[in-house]
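One letter stands for each residue in the lines below.
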Amino acid sequence: MAIDFNLSGGQKRLQRIAREFANDILAPRICRADEEPDPQKAFQEVKGAYIEAYKLGFATGFIPQQYGGGGISNLDLQVVSEEICAIDPGFATILLVNGLALMPLVWFGSEAQKQKWLITATSDPRGEYLAGWTVSEGAGSPGGTANFDSPAVWPAGISLTATHDAANGEYVLNGRKYWPCNSGGWDLAGANVNVCIVRTRKEAGGDEGLSAIIVPRGTPGVQYEEPISKLGHRICQNNSIIFSDCRIPEENAFAIGQGDLAISRAFTWSGPVAAIASVGVARSAYEYVLEWSKTYTGGGPTPIINHQAVGYALADIAMKIEACRAFAWKAAHYLDSHESQGHAICAMAKVFCGETLFDAVFKAMKVMGVNALDRRHPLERYLREAAVFPLYDAGNMGMQMRKIWTVLRDDAFDPRAFMDLTATPFDKRLI
Ligand SMILES: Cc1cc2nc3c(=O)[nH]c(=O)nc-3n(C[C@H](O)[C@H](O)[C@H](O)COP(=O)(O)OP(=O)(O)OC[C@H]3O[C@@H](n4cnc5c(N)ncnc54)[C@H](O)[C@@H]3O)c2cc1C
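Residues numbered from 1 in each chain as written. Predicted model: local features only at pLDDT ≥ 70, side-chain atom pairs only at ≥ 80, totals over all residues. Heavy atoms only, no water.

Chemist: Sorry if this is basic, but what is going on with the nonpolar core here?
Modeler: One recurring pattern in soluble globular proteins: nonpolar side chains tend to sit buried together. Counting residues in hydrophobic clusters, the biggest one holds 120 residues, and the most contacted among them are Phe 58, Phe 91 and Trp 133. Top element by residues in this core is helix H5 (residues 89-108). It accounts for 13 residues. Excluding residues that lie within four positions of it along the chain, Trp 133 makes contacts with Val 97, Leu 100, Ala 101, Pro 104, Pro 180, Cys 181, Val 195, Ile 197, Ala 262, Ile 263, Ala 266 and Phe 267. Formed by 16 residues, the second largest nonpolar core is a distinct cluster that contains Cys 196, Ile 213, Val 222 and Cys 246. (Core = buried A, V, L, I, M, F, W, Y, C linked by side-chain atoms within 4.5 Å. Buried < 20%, exposed > 50% of the residue type's maximum accessible area, 1.4 Å probe, protein only. Helix = DSSP H or I, 4+ residues; strand = E, 2+ residues; numbered from the N terminus. Contact = heavy atoms within 4.5 Å.)

Following this line, the structure appears as structure tokens:
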């Protein structure tokens, strides 16, 4: 059978383990962590759950087996991610960011770098290992992240500089980053590694002058400020980082002059995960409101689901969740079929599911009525979580839609590529 939505035995097992982890270990910690006003304390609240997730393989499962990872497919990752995101997408983001940081090393790193850094990531006996994907920069003029590939010279685009000190065999980092997850680590002294996108050539544009550099924990010249306090995904840590004459050995650099491709490929890989994250949250909102509708009468003679308007709204939400799950799986399957390349379709899934299911969560609130605003119910949190989806993971308007557009306008683009599962080549021309 060519198309089969049955999960394999292994995937069912992964789903069961992820569901048990999410319900039994993660869920009891979430409300307190979400309500914690100090974002660093909120992050620390889930450290115990993270260690359990690490032991189960969820923190590094996507790394190839030859480097100690689980070698799970992108479709497997969908199954696990939906279960965790149904309970808390902020926690899932901590896990996802390990992949955003380390998968570029898998694709662009040397064998020696992979042996050193990936095996360390997968073999932490304490299960506390964190990697930061350190790309985004703060607001300003110039500033921001969406135009990382701008052909204009520094300081346009990515402005964290890495000056090559050839005499000492080092790069010297100066500048700031804002938004990266995990980067500060459990104690704000740094994640185990931060994979930083830096400007190695100030005189070149973002299309030629960007590279990746691994900054290990404990490196002098890096300061982690208090994490950002956010509307949603409050449990993952988003950092403000200052680099001052931070010296890194040159053997820690990779994707030299290819940093733009590393950014694009990483945010392509994460697209289907962000898509299924929105499915997880919408699923929880839908299940809660469906149950509510079957029991709550609103003072009338019958549960509100017996009003046609309520039933149609619930049907609309259910349809959108099913369609989005199928789209997210399709994009993940495309990645699995093309060595983790799927630049337009993964962005499409991320944009479509995030936008569609934000609306669906709000519709669920409308079905429930005013009680959806009462914080004793989880709906207001689901809306806050859903509001993140169109904005994070290379925001939809600035980066993801632009990626879809550049692929589609290429003369060589085959509009049936996604239907026929043929490759859609992506190179610097298209960024
Ligand atoms: C929970 C969470 C986790 C995150 N984790 C990480 C992480 O681990 N690492 C990391 O580096 N970042 C992380 N981020 C930041 C995130 O990836 C952002 O999506 C990214 O910084 C880009 O944001 P932006 O598109 O709003 O960019 P900005 O540069 O701030 O652009 C702002 C807006 O300007 C407009 N715009 C700008 N340029 C264009 C253009 N060329 N075309 C069209 N419109 C344009 C768009 O409307 C865009 O949305 C995280 C954010 C959140 C909330």
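Chemist: Which parts of the structure should I look at to understand the pairing of strand E3 (residues 170-181)?
Modeler: Each regular strand displays side chains that alternate between the two surfaces of the sheet. The sheet contact formed by strand E2 (residues 161-165) and E3 spans 5 bridges and is antiparallel. When the bridges of E3 are listed, Ala 162 appears paired with Leu 173. What sits between E2 and E3 in their antiparallel hairpin is a turn of 4 residues, with Gly 169 showing a positive phi close to 65°. Looking at chain direction, E3 and strand E7 (residues 238-249) are connected through 9 bridges and run antiparallel. If you follow Val 172 over to E7, its bridge partner there is Arg 247. (Pairing = 2+ DSSP bridges.)

Chemist: Just checking my understanding: could you explain the pattern of salt bridges for this structure?
Modeler: Once the charged atoms of two side chains with opposite charge are near each other, the side chains can pair. Applying the stated criterion across every chain yields a total of 29 salt bridges. In this structure, Arg 325 and Glu 322 form a salt bridge, with 3.2 Å as the shortest nitrogen-oxygen distance. Taken together, the residues Arg 325 and Glu 322, both in helix H9 (residues 308-337) and 3 residues apart, mark about one turn of the helix. One salt bridge in this structure joins Glu 380 and Arg 375, with 3.2 Å as the shortest N-O distance. The exposed category is assigned to Arg 375, whose relative accessible area is 54%. (Salt bridge = Lys/Arg side-chain N within 4 Å of Asp/Glu carboxyl O.)

Chemist: Teacher, can you tell me more about the packing of aromatic side chains here?
Modeler: By convention here, two paired aromatic rings are described through the distance between centres and the angle between planes. Enumeration according to the criterion identifies 13 aromatic pairs in this entry. With centroids separated by 6.0 Å and ring planes inclined at 70°, the aromatic side chains of Phe 21 and Phe 58 adopt a geometry described as edge-to-face. Of the two residues, Phe 21 is situated in helix H1 (residues 9-35) and Phe 58 in the loop between helix H3 (47-56) and helix H4 (74-87); the sequence distance between them amounts to 37 residues. Each member of the pair, Phe 21 as well as Phe 58, carries the same accessibility label: buried. Ring geometry for Phe 21 and Phe 91: centres 5.8 Å apart, planes at 40°, overall tilted. Of this pair, Phe 21 sits in helix H1 while Phe 91 is found in helix H5, placing the two residues 70 residues apart along the sequence. Phe 91 carries the same exposure label as Phe 21, and that label is buried. A network of ring pairs unites the aromatic residues Phe 21, Phe 58 and Phe 91 as a single cluster. Its guanidinium or amino end placed over the ring of Trp 154, Lys 202 lies 4.1 Å from that ring's centre, counting from NZ or CZ. Above the face of the Trp 405 ring, Arg 409 is positioned so that its terminal group lies 4.3 Å from the ring centre. (Phe/Tyr/Trp six-rings, centres within 6.5 Å; stacked < 30°, edge-to-face > 60°. Lys NZ or Arg CZ within 6 Å of the ring centre and 35° of its normal.)

Chemist: Would you take a moment to explain the site of the ligand for this structure?
Modeler: What surrounds the ligand is a group of 23 residues, the closest being Trp 133, Ser 136, Thr 145, Ala 146 and Asn 147. Separating a nitrogen atom of the ligand from a side-chain N or O atom of Arg 402 is a distance of 3.5 Å. Contact with the protein chains removes 72% of the 980 Å² of surface that the ligand exposes when unbound. Because more than half of its atoms lie within 2 Å of the grid, the ligand is assigned to the largest pocket. Going through the elements one at a time, E3 and helix H12 (396-409) are the ones with two or more residues in the shell around the ligand. (Near = heavy atom within 4 Å. Polar contact = N/O pair within 3.5 Å; in protein donor to acceptor, adjacent residues only side chain to side chain. Areas by Shrake-Rupley, 256 points an atom, 1.4 Å probe, with all protein chains shown as cover. 1 Å grid on protein atoms, 1.4 Å probe; cavity = no way out; pocket = protein on both sides within 12 Å on 5 of 7 lines; lining within 4 Å. Sits in = over half its atoms within 2 Å of the grid points.)

Chemist: Honestly, the domain arrangement of the protein chain in this entry has me stumped. Any pointers?
Modeler: When the parts of a complex come together, some accessible area is lost, and that lost area is often taken as the interface size. Segmentation of the protein chain into domains returns domain 1 (9-122), domain 2 (131-258) and domain 3 (270-430). Placing a centre on the C-alpha atoms of domain 2 and another on those of domain 3 gives a separation of 30 Å. Taken together, the contact between domain 2 and domain 3 spans 13 residues of the former and 10 residues of the latter. Of the roughly 850 Å² buried where domain 2 meets domain 3, counting both sides, 57% is carbon and sulfur surface. Counting the surface domain 2 buries against domain 3, the share from its top three residues, Ala 146, Leu 231 and His 233, is 56%. Where domain 2 touches domain 3, the interface holds 1 salt bridge. A salt bridge links Asp 149 to Arg 402, with the nearest nitrogen and oxygen atoms 3.1 Å apart. Put simply, domain 2 and domain 3 have 6 residue pairs in polar contact (both at pLDDT 80 or more) between them. Class assignment for the residues of the side of domain 2 that touches domain 3 results in 3 nonpolar, 6 polar and 4 charged. (Domains from an automatic or database assignment. Buried area = accessible area lost by both parts, 1.4 Å probe. Nonpolar A, V, L, I, M, F, W, Y, C, P; charged D, E, K, R; others polar.)

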